[in-house]
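# Fold and geometry: a report
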Amino acid sequence: MKHLSTLAMLAAATAPYPLPARAQSDPVQAVLDTPAGLAVPGCALGIFRNGRLAKFVTAGAADTATQRAMNADTQFYAASVSKEFTSLAAMQLVLKGKLNLDDDIHKYLPELPDYGHKVTVVMLMNHTAGIRDSLELLYLNGISDIAAPTRAQALALLFKQTATKFEPGTRYDYSNGGYLLLSEIVERVAGEPFSAYVNRSVLGPIGMTRSFIMAGARTADANVALGYTRTDGKVVPADSYPLFGGSGGLITTINDLSKYDHDIDSAHKVWTPAIMKLMLEPGRFNDGSIVRRAARSNQAYAAGLSVSADWFSHGGSATGFKTMYARMPARRIGLGLLCNAGETDPDERINAVVAAMGEGLPPVTEAQVPVAKLDGRYRSADLDVVYVLASEGSAMTLQILPATGEGTPLATIPLKPAGDGYAGPSFRLVPDADRAGFTINASRVVGLKFRRI
């Protein structure tokens, strides 16, 4: 501990913001601390109370080569935390009467092909439009360095897509492409580049002076966190990310997230009551049911935010960065987590912080619904068999029985947890939000729906 304390004091002497003391008795600090100190990347954490930065904690280096410490003004790539800022920009235009959430996106993006179904602006916000992911399309188009393509190149690929992944409004499917299209709608309706509009109309009024949406170039600031990940147990640079806004693109700091939290809490320069109502209204599927992430049990998705009874939040993930902003309105508590250690699980880390605060607060993000809740018998209208799921620890076994549901199994297939569902040898099983059914997707057969019997 003496060695770590010495490093912290030396860094604080040159840092524009005081570094927190390394107190072994501080359970929140313990959540972030690493034995390697400034030799490895880490995280910066802000705890906001009543709209003010009440506690700042950091561990790890902004730059491991120089062992430069992080402080509350260190700039980080925010990844998908950017999405709520894209939604905020769109909601401002909605309140000005320039944009309608229920409009077909072809009204604003006429060069998009006809998908055979209406795709609305709000579907883009809630990830229910079925738009293909722009970052994956870039990779599949032969671009290995995600920092290389321009915004125009990414949009051109989206405009070439001849179909959606499913009937719009019927499924939740996280899509960076949907948010890139949303940002293009904002740009065209606002009549200025998307980055310029967000910087002027969202970040500016809040006073987020060290934050901006990138427009083709990285930050040139010396106080920036470089991204890293681990490969074969070794820390390696992973400092590449898209240089344009929409699905990502925000550069920010803990101090600026404190100003953002203050605006939500009491300033209301951007987060006005009318904006808040729009931002926190849960999305709806075509059938009127609430949009929920498949891997969550009680969290709705609303305009770039996951919304539960206690918290609203959004995380971000890039190869070398993991981030999160969360707020509990009833307690006027906010959390900002900015990490340049790519192996960090932001959900796990933020929940550990909440637990370490010792205030009896519920976790920000909910744990995966136990697989045992999927145990049971299921039938599909498209097949003449009965599927039986049985949990085995963290995995499951699928048995396929004859149509009668009795007799010797026709097949027994092991399933392993994978992303928002479970993986078999050649297909994925994705649970429905209500946990009363699931969908099977294979390479050549997609969308087989099963319901519990």
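A quick note: this is a predicted structure, and the numbers were derived from the prediction, not measured.

Criteria and cut-off values
- Counting starts from 1 at the beginning of each chain's written sequence and moves along it residue by residue.
- Since the coordinates come from a predicted model, pLDDT governs what is reported: local features require at least 70, and pairs of side-chain atoms require 80 or more to be given and counted, while whole-chain, interface and lining totals use all residues.
- Side-chain numbers come from the whole structure's heavy atoms, not from hydrogens or water.
- Any two strands with at least two DSSP bridges between them are considered paired.
- Starting at the N terminus, helices and strands are each numbered in turn, a helix being any DSSP run of H or I of at least four residues and a strand any DSSP run of E of at least two.
- Residue-level confidence of the predictor, termed pLDDT, takes values from 0 up to 100.
- Contacts between residues were defined by any pair of non-hydrogen atoms, one from each residue, lying within 4.5 Å.
- Note on terminology: pairs of cysteine sulfur atoms within 2.5 Å are recorded as disulfides.
- Only protein chains enter the accessibility calculation, which uses a 1.4 Å probe; a residue is then buried when its area is under 20% of its type maximum, exposed when over 50%, and partly exposed in between.
- Each aromatic pair joins two rings of Phe, Tyr and Trp (for Trp, the six-membered one) with centres within 6.5 Å, and gets the label stacked for planes under 30 degrees apart, edge-to-face for over 60, and tilted for any other angle.
- Note on geometry: axes are lines fitted to C-alpha atoms, helical ones only across the stretch in contact, with angles between N-to-C directions running from 0 to 180 degrees.

## Digging into the pairing of strand β22 (residues 446-452)
For a regular strand, the rule is simple: side chains alternate between the two faces of the sheet. Sheet topology note: the strand β15 (residues 376-379)/β22 ladder contains 2 bridges and is antiparallel. When the sheet's bridge partners are listed, Tyr 378 is paired in β22 with Arg 452. Where strand β21 (residues 437-442) lies against β22, 5 bridges are found, and the strand directions are antiparallel. Looking across to β22, one finds that Ile 440 is bridged to Leu 448. Taken together, β21 and the strand that follows it, β22, pair antiparallel across an intervening segment of 3 residues.

## Describing the confidence of the model for the protein
Averaged over the protein, the pLDDT score is 90; the fraction of residues at 70 or greater is 92%. For residues 1-23, every residue scores under 50 in pLDDT, and the model assigns this stretch 37 contacts once sequence neighbours within four places are set aside.

## Things to note about the sheet that holds strand β9 (residues 250-252)
An order of β5-β9-β6 is seen for the 3 strands of this open sheet, with the pairing classed as antiparallel. Only two strands of the sheet have a single partner each, and these edge strands are β5 (76-77) and β6 (212-213). Alignment of β6 against β9, held across 2 bridges, turns out to be antiparallel. Following the sheet pairing, Phe 212 is matched in β9 by Ile 251.

## Structural notes on the state of the cysteines
Considering all chains together, one arrives at 1 disulfide under this definition. The side chain of Cys 43 participates in a disulfide bridge whose partner is Cys 339; the two sulfur atoms lie 2.1 Å from each other. Residues Cys 43 and Cys 339 are joined by a disulfide whose S-S torsion is about 105°; by sign, that bridge is right-handed. Of this pair, Cys 43 sits in strand β1 (residues 43-49) while Cys 339 sits in strand β14 (residues 333-339), and the two are 296 residues apart along the sequence. For Cys 43, a relative accessible area of 1% translates into the label buried. Judged by relative accessible area, Cys 339 falls into the buried class, the value being 0%.

## Focus: the packing of aromatic side chains
Using the criterion set out here, one finds 11 aromatic pairs in the structure. Taking 6.3 Å as the distance between ring centres and 80° as the angle between the ring planes, the aromatic pair formed by Tyr 260 and Trp 271 counts as edge-to-face. A residue pair is termed long-range when its members are at least 10 positions apart, and Tyr 260 in helix α9 (residues 254-267) and Trp 271 in the loop between α9 and α10 (273-279) qualify at 11 residues. For the residue pair Tyr 260 and Trp 271, the accessibility class agrees, reading buried in each case. With a centroid separation of 5.8 Å and an interplanar angle of 20°, the aromatic rings of Trp 271 and Phe 312 are classed as stacked.

## A short note on the sheet that holds strand β13 (residues 321-328)
Here 7 strands make up an open sheet; going across it, the order is β2-β1-β14-β13-β12-β11-β10 and the pairing antiparallel. The strands lining the two open edges of the sheet, one partner per strand, are β2 (52-59) and β10 (300-301). Each of β1, β2, β12 (312-318), β13 and β14 touches α9; the most contacted strand, β1, lies at about 25° to it.

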